[in-house]
Amino acid sequence: SELRNHTLLTEFVLSGLSSHPELQNLLFFTFCLIYTITVTGNLLIFIVTVHPTLRMPMYFFLRVLSFLDITTASVVVPKMLVSFLSKERSISYMGCATQLYFAIFLTATECYLLAAMAYDRYVAICNPLRYAVVMNRRVCFSLVLLSCLSGNVVSVVQTAWVFTLPFCGPNKIHYFFCDIPPLIMLSCTDTSSYEMQIVTATVLVILIPFCFILLSYICIISNILKISSAEGRQKTFSTCSSHLIIVTLYYGSGTLIYLQPRSIFSQDTKKILAVIYTAIIPMLNPMVYSLRNKEVKGVLIKSIAE
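Everything numeric in this text was worked out from a predicted model, so none of it was measured. (Residues numbered from 1 in each chain as written. Predicted model: local features only at pLDDT ≥ 70, side-chain atom pairs only at ≥ 80, totals over all residues. Heavy atoms only, no water.)

Undergrad: Which parts of the structure should I look at to understand the overall build of the chain?
TA: Helix and strand content of the chain: eleven helices and three strands. A globule of 306 residues ought to have a C-alpha radius of gyration of about 19 Å, and the chain, at 21 Å, matches this closely. Summarising its shape, the C-alpha atoms of the chain cover approximately 70 × 40 × 35 Å along the three principal directions. By the burial criterion, 49% of the 306 residues in the chain qualify as buried. Intrachain contacts of the chain at a sequence separation of at least 6 include 79% that bridge at least 24 residues. (Helix = DSSP H or I, 4+ residues; strand = E, 2+ residues; numbered from the N terminus. Rg over C-alpha atoms; globule rule 2.2 N^0.38 Å. Buried < 20%, exposed > 50% of the residue type's maximum accessible area, 1.4 Å probe, protein only. Contact = heavy atoms within 4.5 Å.)

Structure representation (structure tokens):
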């Protein structure tokens, strides 16, 4: 009976970000602006960092990060924008599975990529004389490829696991996109073993890369303290601190959602946390990682002047 109901289910209904009708227009314009800034900012960084003077590995990683941010926002935000203006909030069974796959694949890949970027900064600051040898083109491509392959494996396993669960109750997802925690809440079977598997994935995808990033930045900061110039120290500290704030927000929001899939957090709290890593961080990344960079700003101003 459960299996029959599971196979008969053809769609889910997304409740959206907010159930308050009076907020729908305001939310639509707010997230429309956020999405426009995200796409424009990241596209700009993608184009600017192709410039011949920006051949360093850091800019290659930034291009990949920009691509991931545009696609992550595009997987989640357009569907959310439609839900603000329309009462039709259904998503097909396959559409939901596809959205979940890409959301996990892109965010997991970014988690690993940010760790690779931290390693790049560590080598550049702590071992500058060997930087060109250590971070050669082959190593950079390998790190990106490894990030993508790891993200894909995590996504395939998670998506396949979620959609083998029987859904035989209500089909309303109390969320603004198809994600693991709200989906397993709809399952009519015991999901405790699956929840343990999510915790394992969270440790592998979020906590381990985050610890690696922290370790890299501890080494970077200890190296910065040796810089004799106070101005040089302040500038590097400013860059490192802004990177760490964004990284903590990104990994932190993901950890709070996935480490305890049936946590005490309300659905509204989880929605806010999900908005941080699917919409806000992709908008902030270009400003934090690129537009504060003197070389990127120089090329951008030069391109506009031409």
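Undergrad: How should the environment of Asp 268 be read in this particular structure?
TA: By the secondary structure assignment, Asp 268 is in helix α10 (residues 267-291). Spatially, the C-alpha atom of Asp 268 lies 9.0 Å from that of His 174, the residues being 94 residues apart in sequence.

Undergrad: Would you mind showing me how to read the state of the cysteines here?
TA: What is meant by a disulfide is a covalent connection between two cysteines, made through their sulfur atoms. Overall, the coordinates contain one disulfide when judged by the stated rule. Note on Cys 140: no disulfide assigned, nearest cysteine sulfur contributed by Cys 148 at a separation of 14 Å. (Disulfide = S-S within 2.5 Å.)

Undergrad: Where do I start with the nonpolar core in this structure?
TA: Most often, soluble globular proteins keep nonpolar side chains buried together rather than apart. Core analysis: the biggest nonpolar cluster contains 94 residues, and Phe 12, Phe 31, Phe 163, Phe 167 and Leu 183 have the highest contact counts within it. Element by element, the count of residues in this core is highest for helix α4 (residues 93-126), at 19 residues. (Core = buried A, V, L, I, M, F, W, Y, C linked by side-chain atoms within 4.5 Å.)

Undergrad: Explain the packing of aromatic side chains here, please?
TA: Two numbers describe a pair of aromatic rings. These are the distance of the centres and the angle of the planes. According to the stated counting rule, one finds 20 aromatic pairs in the structure shown. Centroid distance Phe 28 to Phe 29: 5.4 Å. Interplanar angle 75 degrees. Geometry classified as edge-to-face. Phe 28 sits in the buried class, given a relative accessible area of 18%. Consider the rings of Tyr 101 and Phe 102, whose centres lie 5.0 Å apart with planes at 75 degrees: the pair is edge-to-face. The exposure class of Phe 102 is partly exposed, given its relative accessible area of 36%. (Phe/Tyr/Trp six-rings, centres within 6.5 Å; stacked < 30°, edge-to-face > 60°.)

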